[in-house]
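Analysis of the macromolecular model
If you want the building blocks of each chain, they are given just below.
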Amino acid sequence: FSSAYSHGEEANRFGAVTQVAQTFSSSPYLEEILQLLVTMTAQQFGYKVVTVRLLDSRREELILRATQATNRAYQNKRAIKLNESIAGRVITEMQPSIVADVQDDPEYVGHDLAQEQGLRSMICLPLSIQNRAVGVISCYSGEVHDFSDDEVAALEALARQAAVSIEHARLQVRRTLMQEMHHRVKNNLQQVASLLRLEMSQDHAQDPKQALSDSLGRILAIASVHELLSRDDLDLVSIKSIAENLTALIQQSVVGPTQKIQFQITGGDGYLNTTQATQVTLVLNELIHNAVEHGFAEADEGLIHISIGIDRDEIILQVVNTGDPLPDDFGPESEGLGLQIIQSLSRGLGGTFQLGSVDEGTQAILRFTPSSAE
């Protein structure tokens, strides 16, 4: 771009803003709005890459939610903390920030990927409504570029309109969820009933009090999904948040007072619709419970490590415990109710489940592909 626009070019920029705003304001769906925003902004302004990150205020992170870049590594960029990035400063100060060349700017996070993608100049603008930040939009040129005052003004107008549309979409999600809440509660009660029927069908040598305690844990696990849904992004649930909630719950209710079991959660993060979130929550609940109850039946201390991996479009959840090893005669015929539930839910996710011994201890692996549809 030239650093100075003619009146005609300025009019074209604001015309582009109007066209983009009208297009994405017509959609009630958040993901569609965000994808339209990045795609049309890149097209209308001639940018090489445009990204949108939304703010997770609880975790103080900016999460990549949309980009028109086709590079998979770029699409899977990690969440960034507010205190470690230019985008975080934009949120804090509520002012646009311009970087002349991201390939050599010391404050920019991700020089290698910027060089690989051929990105040079960047402008990052806050997405805010009524002085409350909801995220940022970042626009990158493929060459060193001087963002003129007119261009910045046009982008600021677009960012304000985008923030309104994002907030509107979130309100629509809330309304939709309220309308569907009875349906979801009914489905969850049916799932609870199915779990209780499975428990009743077992040939119990188990103490009835313990059976009730196990069932209570599963019901609380389902409830934890709804607790997460009450937060900002009602349309998606974070796997890391699920793991954090479950480990805190199990640490309080299952781990014995003399046991010294540490919980560790590492890896990236993935976001699931509520159906898959409930299934994954129940699987993780069974795996962590089993790790505590069986992996540390004799051992008094050790580590339960939950790892979240993303390999292309597949999510890989691993739960490893360093406690007691699996029995020598362990096999499919020795599966209890918990493993039956895990196998059933794994199939429901369209995924696979493996359990076995490794050098570190006992390892369980769930692989599945996240679905965007409910």
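Structure shown above.
Position labels on residues start from 1 in each chain and follow its written sequence. Residue-level local features of this predicted model are given only where pLDDT is at least 70; pairs of side-chain atoms are given and counted only at 80 or more, and the full residue set underlies all totals for whole chains, interfaces and linings. Only heavy atoms go into the side-chain values, all of them from the structure, while hydrogens and water stay out.

Quick look at the packing of aromatic side chains
Under the pairing criterion, centres of Phe, Tyr and Trp rings, with the six-membered ring standing for Trp, must be within 6.5 Å; the plane angle then separates stacked pairs below 30 degrees from edge-to-face pairs above 60, leaving the rest tilted. For the structure shown, the criterion picks out 3 aromatic pairs. Look at Phe45 and Tyr47: their rings are 5.7 Å apart centre to centre, the planes differ by 10°, and that puts the pair in the stacked class. With respect to class, Phe45 is no different from Tyr47; both count as buried. Clustering of aromatic rings is evident, with ring pairs tying together Phe45, Tyr47 and Phe147. Each residue is assigned to one of three classes by its accessible area relative to the maximum for its type, calculated with a 1.4 Å probe on protein chains only: buried under 20%, partly exposed between the two thresholds, exposed over 50%.

Structural notes on the sheet that holds strand E11 (residues 314-321)
Here the rule is simple: two strands pair whenever DSSP picks up at least two bridges between them. Each helix is a run of H or I in the DSSP string that is no shorter than four residues. Each strand is a run of E no shorter than two, and both are numbered from the N terminus. Sheet architecture is open: 5 strands sit in the order E8-E10-E11-E13-E12, paired in mixed fashion. Two strands close off the open sheet at either side, each with one partner strand: strand E8 (260-267) and strand E12 (352-358). Each neighbouring strand pair of the sheet contributes to a mean axis angle of 15°, computed without reference to strand direction. Contact between two residues is taken to exist if any of their heavy atoms lie within 4.5 Å; hydrogens are not considered. Axis angles are defined between N-to-C directions and span 0 to 180 degrees, where every axis is a line fitted to C-alpha atoms and, for a helix, only to the segment in contact. The strands that helix H10 (residues 337-348) touches are E12 and strand E13 (361-368); relative to E12, the one it contacts most, it runs at about 135°.

Quick word on the state of the cysteines
For the purposes of this analysis, a disulfide is any pair of cysteine sulfur atoms at a distance within 2.5 Å. Per the counting criterion, the structure on display carries 0 disulfides. Among the cysteines around Cys124, which has no disulfide bond, Cys139 carries the closest sulfur, lying 8.6 Å off. With relative accessibility at 0%, the residue Cys139 sits in the buried group.

A few points about unusual backbone geometry
Phi at Gln130 takes a positive value of approximately 55°, unusual for a residue other than glycine. Here Gln130 is to be found in the loop between strand E5 (122-129) and strand E6 (132-140). Positioned with a positive phi, Asn131 is a non-glycine residue whose angle comes to about 65°. You can see Asn131 is positioned in the loop between E5 and E6.

Section: helix H4 (residues 86-93)
Within the span of H4, buried status applies to Ile86, Ala87, Gly88, Val90 and Ile91. Looking at the packing, one finds that the buried side of H4 touches strand E2 (61-67), strand E3 (80-81), strand E4 (97-99), E5 and E6. One or two steps after H4, the chain reaches Met94, where phi turns positive at roughly 55°.

What to know about the sheet that holds E3
Hydrogen bonds between backbone atoms are what pair the strands of a sheet, whose relative direction is either parallel or antiparallel. Sheet architecture is open: 6 strands sit in the order E3-E2-E1-E6-E5-E4, paired in antiparallel fashion. Pairing within the sheet leaves two strands with one partner each, and these edge strands are E3 and E4. Pairing between E5 and E6: 8 bridges, direction antiparallel. For Cys124, the partnering residue across the bridge sits in E6 and is Ser138.

Describing the packing of helix H9 (residues 274-293) against H10
For the pair H9 and H10, interaxial distance at closest approach is 9 Å and the crossing angle is 150°. When the axis of H9 is compared with that of H10, the two are roughly antiparallel. Crossing of H9 against H10: the hand is left-handed. On the side of H9, the interface is formed by Gln279, Leu282, Val283, Glu286, Leu287 and Asn290, while H10 contributes Gly338, Leu339, Ile341, Ile342, Leu345 and Gly348. For the contact of H9 with H10, the per-class residue count stands at 7 nonpolar, 4 polar and 1 charged. Throughout this description, any angle smaller than 35 degrees is read as roughly parallel, any larger than 145 degrees as roughly antiparallel, any in the 65 to 115 degree range as roughly perpendicular, and the remainder as oblique. For a crossing to be left-handed, the near helix must be turned anticlockwise from the far one by less than a right angle; the clockwise case is right-handed. Asp, Glu, Lys and Arg are counted as charged, while Ala, Val, Leu, Ile, Met, Phe, Trp, Tyr, Cys and Pro are counted as nonpolar; the rest, among them Gly, fall into the polar class.

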